[in-house]
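# Working through the structure, step by step
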Amino acid sequence: MVDGEVPATATHPNPVRGAAYMDIGQATLFNLAGVTNTLNVTPASTVHVGDMQLGRLALTPDTSVQSVTAVTEAVRNAFGELLSFVRIM
């Protein structure tokens, strides 16, 4: 367990509050220097998205590749289910 201070330097308008953001300079507090959980990439015009996804999956066994819209659709579906429940009440 590490005890330290991490300043709150900003807020964000993201309606899903499960996400947390911090300055990359503070990553060493959590032993996360050099670690990432998300990469946003755009393939060259000569590269098919499916080929790039397959190539990335071959690099490590714990890799997941999804389109940009996959996260948006998942959040939209989750809110849709929540609103359906609220309408019933």
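Our subject in this report is the structure included herewith. (Residues numbered from 1 in each chain as written. Predicted model: local features only at pLDDT ≥ 70, side-chain atom pairs only at ≥ 80, totals over all residues. Heavy atoms only, no water.)

Let's shift gears to the overall build of the protein chain. A tally of regular secondary structure across the protein chain gives 2 helices and 0 strands. When burial is assessed residue by residue, the protein chain has 2% of its 89 residues classed as buried. Here the protein chain displays about 8300 Å² of accessible surface, and carbon together with sulfur accounts for 60% of that area. (Helix = DSSP H or I, 4+ residues; strand = E, 2+ residues; numbered from the N terminus. Buried < 20%, exposed > 50% of the residue type's maximum accessible area, 1.4 Å probe, protein only. Areas by Shrake-Rupley, 256 points an atom, 1.4 Å probe, with all protein chains shown as cover.)

Looking now at a nonpolar patch on the surface. Residues Val 6, Met 22, Phe 30, Leu 32 and Val 35 make up a contiguous nonpolar surface patch of about 450 Å² in total accessible area. For Met 22, the location among the structural elements is in the segment before helix H1 (49–57). (Patch = residues over 30% accessible without salt bridge, like charges linked within 9 Å, V, L, I, M, F, W, Y side chains within 5 Å. Salt bridge = Lys/Arg side-chain N within 4 Å of Asp/Glu carboxyl O.)

Our next topic: the environment of Ile 24. By secondary structure assignment, the location of Ile 24 is in the segment before H1. A relative accessible area of 67% places Ile 24 in the exposed class. Taking the C-alpha atoms as reference, Ile 24 lies 9.9 Å from Val 35; in sequence the two are 11 residues apart.

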